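# Secondary and tertiary structure notes
So you can see what is in the structure, the chains are spelled out below.
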Amino acid sequence: MSADPIVILCVGGAVGAVSTVVGLGAGAAFLLLPWAGVSLPAALLCVKAVMAAQDLCAWIGLGTGASARGDRGVAAARAASLTRAHARTHIATAAGGALGAAITVCAPAIGAAALMAGALIAAWRDRRWLAVYVGGCGVGAGLLQRVHAARSHAPDGAWRSAAVELGTVANGAAVLVLWALMPIAGTQWAWEVALLAIGQAGGAWCGARWRPFVRARARG
């Protein structure tokens, strides 16, 4: 079945905006892919490409929104994450995302599932394992990061900025690895994926920019 391009853009935009506002549910748009005729071997690359785009736009939107509101804590955390001193963390996150993607593609299905489950269990205790899980799967990673933030009593805005930062780097590295492994994975690009990425990235940016307004209306 062939999907309408406008439908794909609208679904991607809606999911990107809502998931950025609430912090969960970013993968819901991928239910559209089988209906749009995208083959299952292409699903992992689709997921990682769109998530990388959404996280990047949400990261930018959260940072610019915080600066505009005068939220110095969130803006400072975002600025610090871009400094040279933070580069080692980004390198480790990228390596973890790449490793997770490679495991998922190259290992047999049962073995990959077991390894991803192990990474998720490890990430429950130690956040450093989260990049491996995000690169290979990522389902529920937002909820897990919310739990880590609650344990450390981190401010809500700072947690969201850290979450989209990790997603941008880990998913971006996973996309590069998956692209290189396309012949092994039997993966091919599809125009539906590009539209979904554009829609979800745009929705994420809008959701990040307008999240304070949505929260104010909800409280009122």
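The structure we're discussing is the one just above.
Residues numbered from 1 in each chain as written. Predicted model: local features only at pLDDT ≥ 70, side-chain atom pairs only at ≥ 80, totals over all residues. Heavy atoms only, no water.

With that settled, consider the overall build of the protein. In terms of regular secondary structure, the protein is built from 11 helices and zero strands. When its helices and strands are written in sequence order, the protein yields α-α-α-α-α-α-α-α-α-α-α. A buried classification covers 43% of the 220 residues belonging to the protein. Considering only intrachain contacts with a sequence separation of at least 6, the fraction spanning at least 24 residues in the protein is 75%. Accessible surface for the protein amounts to roughly 11000 Å². Of this, 70% is attributable to carbon and sulfur atoms. (Helix = DSSP H or I, 4+ residues; strand = E, 2+ residues; numbered from the N terminus. Buried < 20%, exposed > 50% of the residue type's maximum accessible area, 1.4 Å probe, protein only. Contact = heavy atoms within 4.5 Å. Areas by Shrake-Rupley, 256 points an atom, 1.4 Å probe, with all protein chains shown as cover.)

Another point: the pattern of salt bridges. Here the structure, examined in full by the defined rule, presents one salt bridge. Two residues, aspartate 126 and arginine 128, come together in a salt bridge whose shortest N-O distance is 2.8 Å. Residue class for aspartate 126 comes out partly exposed when judged on its relative accessible area of 25%. Arginine 128 gets classed as exposed once you look at its relative accessible area, which sits at 70%. (Salt bridge = Lys/Arg side-chain N within 4 Å of Asp/Glu carboxyl O.)

Assignment of secondary structure puts isoleucine 60 in helix 3 (residues 43–69). Taking the relative accessible area as the measure of exposure, isoleucine 60 reaches 35% and is therefore partly exposed. Counting along the chain gives 104 residues from isoleucine 60 to valine 164, while the straight-line C-alpha distance between them is 9.3 Å.

Before going further, it helps to examine the nonpolar core. One finds Leu45, Ala101, Val105, Val177 and Leu178 to be the most contacted residues of the largest nonpolar core, which totals 13 residues. Those elements that place two or more of their residues in this core are helix 3, helix 5 (87–106) and helix 9 (156–180). Take this core: its biggest share by element is five residues, from helix 9. Ignoring any residue separated from it by four or fewer positions in sequence, one finds alanine 101 in contact with Gly135, Gly136, Ala174, Val177 and Leu178. (Core = buried A, V, L, I, M, F, W, Y, C linked by side-chain atoms within 4.5 Å.)

Helix length check: helix 5 (20 residues) gives 28 Å between terminal C-alpha atoms against 28 Å at 1.5 Å per residue, within 8%. For helix 5, the full list of buried residues reads Thr93, Gly96, Gly97, Ala98, Gly100, Ala101, Ile103 and Val105. (Expected span 1.5 Å × (residues − 1).)

Our focus in this paragraph is the packing of helix 6 (residues 109–125) against helix 8 (residues 141–152). Across the interface, helix 6 lies against helix 8 with an axial gap of 9 Å and an inter-helix angle of 20°. Taken together, the axes of helix 6 and helix 8 lie roughly parallel to each other. Here helix 6 runs over helix 8; the crossing is right-handed. Across the interface between the two elements, Leu120, Ala123, Trp124 and Arg125 of helix 6 pack against Leu144, Val147, His148 and Arg151 of helix 8. (Axes fitted to C-alpha atoms, helices over the stretch in contact; angles between N-to-C directions. Parallel < 35°, antiparallel > 145°, perpendicular 65-115°, else oblique. Left-handed = near helix turned anticlockwise from the far one by under 90°.)

Turning next to the packing of helix 5 against helix 6. Relative placement of two packed helices is described by the angle separating their axes and the distance separating the axes. Running from amino to carboxyl end, helix 5 crosses helix 6 at an angle of 150°, the nearest separation of the two axes being 7 Å. Between helix 5 and helix 6, the angle falls in the class roughly antiparallel. On the side of helix 5, the interface is formed by Gly100, Ile103 and Thr104, while helix 6 contributes Ala112, Leu115 and Met116. Residues of the contact of helix 5 with helix 6, tallied by class, amount to four nonpolar, two polar and no charged. (Nonpolar A, V, L, I, M, F, W, Y, C, P; charged D, E, K, R; others polar.)

The next point concerns a nonpolar patch on the surface. Residues Ile6, Leu9 and Ile198 make up a contiguous nonpolar surface patch of roughly 280 Å² in combined accessible area. Following the sequence through the fold, leucine 9 ends up in helix 1 (residues 5–22). (Patch = residues over 30% accessible without salt bridge, like charges linked within 9 Å, V, L, I, M, F, W, Y side chains within 5 Å.)

These figures come from the coordinates and say nothing about function on their own.
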